Each structure stands twice: as C-alpha cells, then as structure tokens.
Amino acid sequence: MKDLRAYILDLGYGIADGNFFESGVTTATIFDENPVVKWAKTPFYAILIDHPTAGYILYDTGSIPAKDWPDGLKACVKVTNDGDLNLADQLAKINVKLEDIQHIILSHFHIDHAGGLLAFKELPTLYVNRHEAESAYTTVLGTNDVGVHGFCYKPSIILEAKKVVYLDEDEELFEGVHVVNLRGHTAGITGLVLELESGNVLVTSDATNMRSNYEGLPGGIILDSIAATQSLKELHKLEKQFNCRDVWFSHDEKQFAEMKKVPEAY
C-alpha cells in the first residue's frame with residue numbers, strides 16, 4: 001500500500017531460560033543429569049505504523065522499566081531497558097510524541113508487550129482480542145496476590161483507555177492493516193499482516209517467539225498447546241495468502257539484530 005510504513009522501536013531485552021521460548025531446548029537425561037542451561041537473550045520491541053489516513057498506530061508497547069518488574073518475575077527474567085530504550089525516546093527519533101498516537105493494537109497483555117501502556121498520560125483507542133482481555137482481567141482482578149498473576153501486570157491491564165475495541169474476528173482494521181486472532185500462547189494473541197509499501201509482512205507476536213517455533217519447535221510458555229498448533233498452521237496459510245516477503249517474530253535475537261530500527265523505516 002502506498003505510503004504505509006512501519007518503524008521498529010527497540011525497547012530493550014530480557015535474558016531468561018531458553019525453555020521459556022523453545023520447549024525442551026535444555027533437557028536432562030539419564031546420561032546428562034545436569035545439562036548446562038541455554039540462556040536466551042530476547043528483544044522487546046514495538047512497531048509504529050505510519051498510516052496515510054489513520055495516522056500513527058502503535059502495535060505493542062514494550063515493558064515497564066526493569067526496576068519495577070515484580071519480584072517473582074525478576075527471578076525469571078533479567079531485563080535491560082535503560083537509556084533511550086523506552087517508547088518516548090524511540091518515538092522522538094522521528095519527531096513523534098506519545099500523544100500523537102491515535103491507536104494502539106495490543107498483541108496480548110503480558111508485561112513485556114503491554115507494560116509500556118503506563119507511559120501514556122491518556123490511552124488512545126485500544127484494540128485487543130476479547131478472549132485475551134477477559135482472561136487478563138480475570139487473572140489480575142481475581143486476587144491481589146501478584147505471585148499468581150504470571151506475566152500479567154495488573155497496573156497496565158486496568159488502565160482506562162479513550163475507547164476499547166474488542167477484536168472478535170480476523171479483519172482489515174485499517175486499509176492495509178489486517179488483525180489476525182491466534183490463540184495458544186495466551187487466550188488471544190493478535191497478530192498482523194501489514195501491506196507495507198515495501199512489501200507485505202506477517203507479524204506473529206508470541207504465537208511464534210522465534211523462527212525455530214515457526215519451523216515446528218514449540219514455544220515454552222503455552223496456555224493451550226492444541227490452539228497454539230492450530231495458530232501455527234494459520235500463520236503459514238497467511239504467509240502464502242498474502243505473499244508475505246517476511247515474517248517478524250517477537251523474541252528472535254538473530255532476526256532482531258538484522259532488522260532496521262527507527263529512524264529507518266520499512
């Protein structure tokens with residue numbers, strides 16, 4: 001689509017047990033009872049979509065500051081997002097301010113994707129899968145014990161937005177911007193197909209963390225393995241249907257290192 005561009009915003013990274021992202025990447029056996037853990041360095045990023053008629057659309061928001069992560073999660077993930085690895089500073093590289101964002105499409109409510117919602121003084125229109133919202137709200141409102149909230153961070157989930165639009169079906173939300181519902185990792189991941197001026201791109205979020213997941217190795221954190229398998233099949237169909245020139249994964253260190261970052265655009 002003419003004049004439809006996307007910018008990759010670098011919002012830091014986490015270091016965690018590789019089994020969080022590739023199930024069974026480290027496995028003990030009777031021949032190796034204490035294998036060396038394979039650690040994964042996983043990027044956190046958001047995508048700013050510059051749409052010729054809808055304005056600025058933000059897909060995901062990155063994490064909260066590392067120092068604010070709940071203690072239970074700090075024990076699992078070492079987060080680095082200091083310096084300019086935050087939404088405001090990344091947007092400033094192309095002279096965009098937080099208040100210039102008209103729409104936020106949220107892939108899901110995990111802290112590394114939704115934590116950055118707290119950076120906004122007032123949330124613009126928020127688009128999120130209905131099952132995802134219901135699951136996240138139930139998780140954090142059902143108890144005050146943050147120890148059982150998992151990767152759902154209550155302060156970013158209970159924020160009020162200008163308007164909340166629940167995504168029930170796959171649709172072309174804006175011209176050239178398609179949302180796709182992908183259950184499995186959580187109750188309702190929202191992926192994208194972007195018809196960029198430079199070519200179509202499939203954005204998977206955590207439906208497939210890395211290329212190895214896309215090629216068949218299951219992710220490590222999965223709510224529903226049957227649904228996740230079906231979502232993987234759907235992603236491959238979408239790649240062919242839209243003749244995508246690339247597939248963008250959410251936590252693939254190698255791919256992220258090769259991606260163009262703001263101020264460069266796709």
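The rules we used
- Per chain, the residues get numbers from 1 upward, laid out in the order the sequence is written.
- For a predicted model such as this one, the threshold for reporting local features is a pLDDT of at least 70, and the threshold for listing and counting side-chain atom pairs is 80 or more; totals across whole chains, interfaces and linings nevertheless cover every residue.
- Each side-chain value is derived from all of the structure's non-hydrogen atoms; neither hydrogens nor water enter the calculation.
- Any Lys or Arg side-chain nitrogen located within 4 Å of an Asp or Glu carboxyl oxygen qualifies as a salt bridge.
- Counting from the N terminus, the helices are DSSP H or I runs at least four residues long and the strands are E runs at least two residues long.
- When a residue's accessible area, from a 1.4 Å probe over protein chains only, is under 20% of the maximum for its type it is buried; when over 50% it is exposed; and in between it is partly exposed.
- A 1.4 Å probe that fits into a set of points on a 1 Å grid over the protein atoms alone but cannot get out defines a cavity; an open set with protein on both sides within 12 Å along at least five of seven lines defines a pocket, and lining residues are those with an atom within 4 Å of a point.
- Grid points are joined across faces, edges and corners, and a volume is the space filled by probe spheres set on the points.
- The residue classification treats Ala, Val, Leu, Ile, Met, Phe, Trp, Tyr, Cys and Pro as nonpolar and Asp, Glu, Lys and Arg as charged. All others, Gly included, are polar.
- By the convention used here, strands pair only if DSSP detects at least 2 bridges between them.
- Fitted lines through C-alpha atoms give the axes, limited to the stretch in contact for helices. The angle between two N-to-C directions lies from 0 to 180 degrees.
- What a helix is expected to span follows from its residue count: subtract one and scale by 1.5 Å.
- Within this analysis, the arc is defined by the directions that extend from the helix axis to the C-beta atoms.
- Stacked, tilted and edge-to-face pairs are distinguished by plane angle, under 30 degrees for stacked and over 60 for edge-to-face with tilted covering the rest, among Phe, Tyr and Trp rings (Trp via its six-membered ring) whose centres lie within 6.5 Å.

Asks: Could you clarify how one ought to interpret the pattern of salt bridges in this entry?
Replies: Pairs may arise between side chains of opposite charge once their charged atoms sit close together. With the rule as written, the count across this model stands at six salt bridges. Between lysine 38 and glutamate 22 there is a salt bridge, with its nearest N and O atoms 3.8 Å apart. Taken together, the residues span a long stretch of sequence, with lysine 38 in the loop between strand 1 (5-17) and strand 2 (39-51) and glutamate 22 in the loop between strand 1 and strand 2 at a distance of 16 residues. For glutamate 22, a relative accessible area of 11% puts it in the buried group.

Asks: Would you mind showing me how to read empty space enclosed by the protein here?
Replies: In this approach a probe as big as a water molecule rolls over the atoms, and the regions it shows empty are the leftover space. Applying the stated criterion across every chain, the model contains two cavities of 30 Å³ or more. Of the pockets and cavities examined, the largest cavity occupies roughly 160 Å³. Around the largest cavity, the lining is made up of 16 residues, and of these Phe21, Asp112, Phe151, Ile221 and His251 lie nearest the centre. At the level of elements, strand 2 and helix 3 (111-114) are the ones that each hand at least two residues to the lining of the largest cavity. Its volume calculated, the second largest cavity comes out at about 90 Å³. Lining the second largest cavity are 13 residues, and of these Tyr45, Tyr59, Asp60, His113 and Ser250 sit closest to its centre. Those elements giving two or more residues to the lining of the second largest cavity turn out to be strand 2, helix 3 and strand 11 (199-205). Looking at the lining of the second largest cavity, its residues break down into seven nonpolar, four polar and two charged.

Asks: What exactly am I supposed to notice about the sheet that holds strand 10 (residues 189-196) here?
Replies: Two strands in a sheet stick together by hydrogen bonds in their backbones, pointing the same way (parallel) or opposite ways (antiparallel). A sheet is described by the order of its strands in space; here five strands give the open sequence 8-9-10-11-12, paired in mixed fashion. Taken across any chain shown, the strands that pair with only one partner, and hence form the sheet edges, are strand 8 (171-174) and strand 12 (246-249). Ignoring which end each strand starts from, the neighbouring axes of this sheet average 30 degrees apart. Looking at chain direction, strand 10 and strand 11 are connected through five bridges and run antiparallel. Each bridged residue has a counterpart across the sheet, and for glutamate 195 the counterpart in strand 11 is asparagine 200.

Asks: For this particular structure, what's the right way to read helix 4 (residues 130-141)?
Replies: Helix length check: helix 4, at 12 residues, gives a terminal C-alpha distance of 16 Å against a target of 16 Å (1.5 Å per residue), a fit within 8%. Taken as a whole, helix 4 has its buried residues at Glu132, Ala133, Ala136 and Val140. The arc that holds every buried residue of helix 4, seen down its axis, measures 95 degrees, which confines them to one face. Facing away from the buried side of helix 4 by more than 90 degrees, the exposed set consists of Thr138 and Leu141.

Asks: When you look at the layout of surface pockets in this model, what are you seeing that I'm missing?
Replies: Taken as a whole, the largest pocket holds about 280 Å³ of empty space. Leu98, Glu99, Ile101, Gln102, Ala119, Phe120, Lys121, Glu122, Leu123, Pro124, Thr125 and Lys162 together form the lining of the largest pocket. Looking at side-chain class alone, the lining of the largest pocket contains six nonpolar, two polar and four charged residues.

Asks: Where do I start with the pairing of strand 5 (residues 101-105) in this structure?
Replies: Where a strand is regular, its side chains alternate between the two sheet faces. Most of strand 5 sits inside the fold, with four of its five residues counted as buried. One ladder, built from four bridges, connects strand 3 (residues 55-59) with strand 5; its direction is parallel. Along strand 5, the bridge assignment pairs tyrosine 59 with isoleucine 105. Pairing analysis gives three bridges linking strand 5 to strand 6 (residues 125-129), with the strands arranged parallel. Bridge pairing links isoleucine 105 to tyrosine 127 in strand 6.

Asks: Help me understand the packing of aromatic side chains in this model?
Replies: The way to describe two aromatic rings as a pair is by their centre distance and the angle between their planes. By the definition in use, this model includes eight aromatic pairs. Summarising the aromatic geometry, the rings of phenylalanine 20 and phenylalanine 151 are spaced 6.4 Å apart at their centres and angled 90 degrees between planes, so their arrangement reads as edge-to-face. Here phenylalanine 151 lies in the loop between helix 4 and helix 5 (154-157) and phenylalanine 20 lies in the loop between strand 1 and strand 2, a separation of 131 residues in the sequence. For phenylalanine 20, a relative accessible area of 22% gives the class partly exposed. Between the aromatic rings of phenylalanine 44 and tryptophan 69, the centroid separation amounts to 6.4 Å while the plane-to-plane angle is 10 degrees, which identifies the pairing as stacked. You can see phenylalanine 44 sitting in strand 2 and its partner tryptophan 69 sitting in the loop between strand 3 and helix 1 (71-74), a full 25 residues away along the chain. The exposure classification of phenylalanine 44 matches that of tryptophan 69, with both residues buried.

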